[in-house]
Amino acid sequence: MLVSAGIHYPRATPEMWPDLIAKSKEGGADVIQTYVFWSGHEPVKGQYNFEGRYDLVKFVKIVGSSGLYLHLRIGPYVCAEWNFGGFPLWLRDVPGVEFRTDNEPFKKEMQTFVTKIVDLMREAKLFCWQGGPIIMLQIENEYGDVEKSYGQKGKDYVKWAANMALGLGAGVPWVMCKQTDAPENIIDACNGYYCDGFKPNSKTKPVLWTENWDGWYTRWGGSLPHRPAEDLAFAVARFYQRGGSFQNYYMYFGGTNFGRTSGGPFYITSYDYDAPLDEYGLKSEPKWGHRKDLHAAIKLCEPALVAADAPQYSKLGSNQEAHIYHGDGEAGGKVCAAFLANIDEHKSASVKFNGQSYTLPPWSVSILPDCRHVAFNSAKVGAQTSVKTVESARSPLGSMSILQKSVRQDNVSYISKSWMALQEPIGIWGENNFTSQGLLEHLNVTKDSSDYLWHRTRINVSEDDITFFKKNGANPTVSIDSMRDLLRVFVNNQLSGSVVGHWVKAVQPVQFVQGNNDLLLLTQTVGLQNYGAFLEKDGAGFRGKARLTGFKNGDIDLSKLSWTYQVGLKGEAEKIYTVEHNERAVWSALESNASTSIFTWYKTYFGTPEGTDPVVLDLESMGKGQAWVNGHHIGRYWSIISQKDGCKPCDYRGAYNSDKCTTNCGKPTQTRYHVPRSWLKPSDNLLVLFEETGGNPFKISAKTVTAGILCGQVSESHYPPLRKWSKPEFMNGTMSINSVAPEMHLHCEDGHVISSIEFASYGTPRGSCERFSTGKCHASKSLSIVSEACQGRNSCFIEVSNTAFRSDPCRGTSKTLAVMARCSPSQDTSYLGF
Ligand code: GAL
């Protein structure tokens, strides 16, 4: 029985990997799963990159040395909200290529890359039969979703891909996910929010769930999806209940789409995914802890789960059912484990099982590792809740150099009061432009070396035309049948307007003067398409007719004109965002009251916030653009506001979908951008921004993120701690686990301690985290007992019992312990009053 944690290595830094893997293991994972990102490893055909965030061998070795297994999904098409689904852009230019079908040029490149990865893994001795961690591979990704579009050639391609993969002699099983026609020697696997009904296409194959979507991704302008911990635990418990053997969280850690790696249409820079480890690698609670408990409960059932070929089924009620696994244990003796499910979305149910009564909350599964006592129920969360706090960063004293001058205002530390600016030329800026007849396809020209492509043409406007426009009271209009992702129209270097959308019609009125006018069209990409059939034909920029309407002599067909093209920005070409080259450009000091301007580069230097907490830049004061820290591209930024409606309080009960529980409506989709600590030096960090629409860099701040507040709420009737189950006297029944009191566990992030207990009540406390209050019944020593157990410690636990609280504050009433605590960096002792 394997529990797997999805982590994509390039969405973190190598410095973050060990901690992410360790936290996955601590949370109960046996396996780490990752895709392999072809576009990152072979950015130029034949030139490989296995360095830094793309050091795959290093990542796999860390997984191995942590004692975990690895599921390597080579693809090499990966989807993954990754630019172009992981395909390198040069693949479009291979003569005659058609992606993901029975096409010789494609198959040749695919085979070369997959072979390269398998060989690399074998040479580094990373397969399990060599003593390494790799137990399983994957070829293709959800091809079943698009196979029909390719007809017979699609079917042939599946067979070819399978044989090609098997022919590499990797010595471990290969998986194809969502592939009902996967050939005999390839395991077909399930992806989805629930996979408990899944049956592979042959009885000889194990039941694998390669992607359990524990959250979802976000678009610019979208709200933030959130999948409740209770529903997730329900889905996982149901999967193992009904015969599953491998389940992977997509994602356990989502991370960040650094640079221009985010896919499209319009995926944001953060890939937090509402995963149990957040974008920065901090535990999100109770998502992390509830899963840890779930995994521990499933592991207690493992001897029985593997002993039985199939579960015994019994119906307990109209919406309630039990699956019982029993057989001979490996160590001799009988083993038995049971899962009791209530799939009713509204009501809890009382059921009888083996002569005992059990109460099952709605939409929940109870796990009974001995077929008698409940170790875990998916709807009862005993794990702590954490509240992330974002603090305005303090720079260490004395670390400020002459380059950096931060300012503190309204309790926010803005990173600098001294900024330099530089205007990016509007339009054609360099020698490397070229002129061509007609409108060229965006990606054919840029090869995705930049988001930006300038098109310039000349429009001659006669006196008659001007009179005509005036008489009609209407300006001429640039009208394009279809475009993606962003179009900006300029006339004589003045911005007329912008259009945003995914293959939408663009209609932009423009104002011409009499005589010659420069018409500039800037097409932009915001992440290339990563899903769907025929990706190679998808392209960017314009499709269909492009016209200039409203002229006296009829429309002007823009595709018949001669256009001058320029790829990218001057600042990009000169690499003015790097430490080495930024001085090349002529920057000028920016006045603090300067009005905002479009197409502007900004730079400053800033000091690194104190401590070890993850660092973010708050770019809410900016418009849209890209940012670099010490030459590292931290991603695209965009302060676009999320949809106003659709966010509502979340009920864990009932089937989840990505629109069910979202937050952040009416606010900018993303304001904080992760800057990994390893990209920072103590002082004088170069920050360069390219701003497209206008913003105020003086209001940029650096902040640190931490799990600053913890809450726990555990009642007397909660289940005994899972770790107690490992004691033989409980497993063999000489003692009843029910005699063990439940516990509340609190833990701060590493390097932090519980600095204060803000609330504690053993009795009948009310409210929820951050809003607790004491009820009628309250043990007077609650606060001092909890403080004594926890204050100054990184983690602590308190028994939820009268014994622990030295009295029974209300006989005959079921009592609950509620605690709210604050975590602070452990080296910071100011809270102790020193
Ligand atoms: C799946 C796909 C993943 C990812 C996911 C959504 O269909 O296999 O790569 O894109 O959807 O996050």
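All figures in this text were calculated on a predicted structure; none of them were measured in a lab.

Turning our attention to the overall build of the chain. Broken down by element type, the chain carries 13 helices and 41 strands. Computed over its C-alpha atoms, the radius of gyration of the chain comes to 30 Å, within 12% of the 28 Å expected for a compact globule of 834 residues. Every one of the 834 residues in the chain was classed for burial, and the buried ones make up 60%. The long-range share in the chain, meaning contacts at least 24 apart out of those at least 6 apart in sequence, stands at 73%. Counting only carbon and sulfur atoms, one obtains 49% of the accessible surface of the chain, whose full area is about 32,600 Å². Here the chain carries 86 positive and 85 negative side-chain charges, and the mean point of each set is 3 Å from the other.

Bringing the domain arrangement of the chain into the picture now. Parsing the chain into structural domains produces domain 1 (2-300), domain 2 (388-394 + 410-423 + 573-705), domain 3 (434-567) and domain 4 (739-825). For domain 2 versus domain 3, the distance between C-alpha centres works out to 30 Å. In this complex, domain 2 contributes nine residues to the contact, which on the side of domain 3 involves 13 residues. Summing the contributions of domain 2 and of domain 3, the shared interface buries around 810 Å²; its carbon and sulfur component is 61%. It is Phe-599, Arg-636 and Trp-638 in domain 2 that bury the most area against domain 3; as a group they hold 53% of the surface buried on that side. Linking domain 2 with domain 3 are two salt bridges.

For the rest of this paragraph, the subject is the nonpolar core. With 130 residues, the main nonpolar core has Leu-72, Ile-74, Met-121, Ile-134, Trp-174 and Ile-367 as its most contacted residues. The contacts of Trp-174, once residues within four sequence positions are left out, are Ile-74, Val-114, Val-118, Leu-137, Gln-138, Ile-139, Ala-165, Leu-166, Leu-168, Asn-185, Ile-186 and Ile-187. Grouped together as the second largest cluster of nonpolar side chains are 31 residues, Phe-266, Leu-486, Tyr-673 and Leu-687 included.

Around the ligand lies a shell of 15 residues, among which Tyr-35, Ala-80, Glu-81, Glu-142 and Tyr-273 are the nearest. Taking Val-78, its main chain carries an N or O atom lying 3.0 Å from an oxygen atom of the ligand. Contact distances for the ligand include 2.5 Å between an oxygen atom and a side-chain N or O atom of Tyr-273. Against a free-state accessible area of 310 Å², the protein chains account for coverage of 95% of the ligand. Class assignment for the residues of the shell around the ligand results in ten nonpolar, two polar and three charged.

Quick look at the sheet that holds strand 12 (residues 334-342) now. Taken in spatial order, the five strands of this open sheet run 10-11-12-15-16, and their pairing is antiparallel. With one partner strand each, in any of the chains shown, strand 10 (312-317) and strand 16 (376-377) form the two edges of the open sheet. Taken together, the nine bridges between strand 11 (residues 320-328) and strand 12 define a ladder with antiparallel strand orientation. In the sheet register, Ile-324 faces strand 12, and the bridge partner there is Ala-338. Of the strands in this sheet, strand 11, strand 12, strand 15 (364-368) and strand 16 are in contact with helix 6 (residues 229-241), which crosses strand 12 at around 135 degrees.

Another aspect to go through is the pairing of strand 32 (residues 624-629). In terms of burial, strand 32 is largely enclosed, as six of its six residues are buried. Residue alternation in strand 32 divides its side chains into two sets, Lys-624, Gln-626 and Trp-628 and Gly-625, Ala-627 and Val-629, and both sets are buried. Where strand 32 lies against strand 33 (residues 632-638), six bridges are found, and the strand directions are antiparallel. From the neighbouring strand, Val-629 faces strand 33, where its bridge partner is His-632. Here strand 32 hands over to strand 33 after two residues, with Asn-630 in that stretch at a positive phi of 50 degrees. Where strand 32 lies against strand 36 (residues 685-691), five bridges are found, and the strand directions are antiparallel. Following the sheet pairing, Trp-628 is matched in strand 36 by Val-688.

The next subject is the packing of aromatic side chains. Applying the stated criterion across every chain yields a total of 56 aromatic pairs. Taking 6.4 Å as the distance between ring centres and 75 degrees as the angle between the ring planes, the aromatic pair formed by Tyr-637 and Tyr-673 counts as edge-to-face. In this pair, Tyr-637 sits in strand 33 while Tyr-673 sits in strand 35 (residues 672-675), placing the two residues 36 residues apart along the sequence. Considered together, Tyr-637 and Tyr-673 belong to a single accessibility category, that of buried residues. Its guanidinium or amino end placed over the ring of Tyr-249, Arg-291 lies 4.4 Å from that ring's centre, counting from NZ or CZ. Above the face of the Trp-638 ring, Lys-624 is positioned so that its terminal group lies 5.3 Å from the ring centre.

Quick look at the pairing of strand 24 (residues 494-509) now. Bridging between strand 23 (residues 477-491) and strand 24 involves 13 bridges; their strand directions are antiparallel. Counted as the bridge partner of Arg-484 is His-502 from strand 24. Between strand 23 and strand 24, which pair antiparallel one after the other, the connecting turn spans two residues, and Asn-492 there sits at a positive phi close to 50 degrees.

Before going further, it helps to examine the pattern of salt bridges. Applying the stated criterion to the full structure yields 44 salt bridges. The salt bridge involving Arg-653 is made with Asp-651; its shortest N-O contact spans 2.8 Å. What makes Arg-653 partly exposed here is its relative accessible area of 29%. Residue classification places Asp-651 among the partly exposed residues on the basis of a relative accessible area of 32%. Among the salt bridges present, the one from Lys-724 reaches Glu-743, with a minimum N-O distance of 4.0 Å.

In total, this model carries eight disulfides according to the counting rule given. Across a sulfur-sulfur distance of 2.0 Å, Cys-190 and Cys-195 are joined as a disulfide pair. In this structure the cystine formed by Cys-190 and Cys-195 twists about its S-S bond by roughly -75 degrees; its chirality is therefore left-handed. Here Cys-195 falls in the buried class, since its relative accessible area comes to 2%. Across the disulfide, Cys-336 is cross-linked to Cys-371 (sulfur-sulfur distance 2.0 Å). Sign of the S-S torsion, about -75 degrees for the bond between Cys-336 and Cys-371, identifies this disulfide as left-handed.

Let's shift gears to the sheet that holds strand 36. Taken in spatial order, the six strands of this open sheet run 29-20-30-36-32-33, and their pairing is antiparallel. Both edges of this open sheet fall to strand 29 (588-589) and strand 33, since each of them pairs with a single strand only.

Turning next to the packing of helix 6 against helix 7 (residues 287-307). In contact at an axis separation of 10 Å, helix 6 and helix 7 are set at 15 degrees when each is read in the N-to-C sense. In terms of orientation, helix 6 and helix 7 fall into the roughly parallel class. In this structure, helix 6 meets helix 7 at a crossing whose hand is right-handed. From helix 6, Ala-229, Glu-230, Leu-232, Ala-233, Val-236, Ala-237 and Tyr-240 reach across to helix 7, where they touch Lys-287, His-290, Arg-291, Leu-294, Ile-298 and Leu-305. Tallied by class, the residues present in the contact of helix 6 with helix 7 amount to nine nonpolar, one polar and three charged.

Taking 1.5 Å of rise per residue, the 16 residues of helix 5 (residues 151-166) would be expected to cover 22 Å, and the 24 Å separating its terminal C-alpha atoms lies within 8% of that figure. Inspection of helix 5 places Gly-154, Tyr-157, Val-158, Trp-160, Ala-161, Ala-162, Met-164 and Ala-165 among the buried residues, and these make up the whole buried set. Contacts made by the buried residues of helix 5 are with helix 4 (104-123), strand 4 (134-139), strand 5 (174-177) and strand 6 (186-192).

What counts, and where the lines are drawn
- Residues numbered from 1 in each chain as written.
- Predicted model: local features only at pLDDT ≥ 70, side-chain atom pairs only at ≥ 80, totals over all residues.
- Heavy atoms only, no water.
- Helix = DSSP H or I, 4+ residues; strand = E, 2+ residues; numbered from the N terminus.
- Rg over C-alpha atoms; globule rule 2.2 N^0.38 Å.
- Buried < 20%, exposed > 50% of the residue type's maximum accessible area, 1.4 Å probe, protein only.
- Contact = heavy atoms within 4.5 Å.
- Areas by Shrake-Rupley, 256 points an atom, 1.4 Å probe, with all protein chains shown as cover.
- Lys, Arg positive; Asp, Glu negative; His and termini not counted.
- Charge placed at Lys NZ, Arg CZ, Asp CG, Glu CD.
- Domains from an automatic or database assignment.
- Buried area = accessible area lost by both parts, 1.4 Å probe.
- Salt bridge = Lys/Arg side-chain N within 4 Å of Asp/Glu carboxyl O.
- Core = buried A, V, L, I, M, F, W, Y, C linked by side-chain atoms within 4.5 Å.
- Near = heavy atom within 4 Å.
- Polar contact = N/O pair within 3.5 Å; in protein donor to acceptor, adjacent residues only side chain to side chain.
- Nonpolar A, V, L, I, M, F, W, Y, C, P; charged D, E, K, R; others polar.
- Pairing = 2+ DSSP bridges.
- Axes fitted to C-alpha atoms, helices over the stretch in contact; angles between N-to-C directions.
- Phe/Tyr/Trp six-rings, centres within 6.5 Å; stacked < 30°, edge-to-face > 60°.
- Lys NZ or Arg CZ within 6 Å of the ring centre and 35° of its normal.
- Disulfide = S-S within 2.5 Å.
- Parallel < 35°, antiparallel > 145°, perpendicular 65-115°, else oblique.
- Left-handed = near helix turned anticlockwise from the far one by under 90°.
- Expected span 1.5 Å × (residues − 1).

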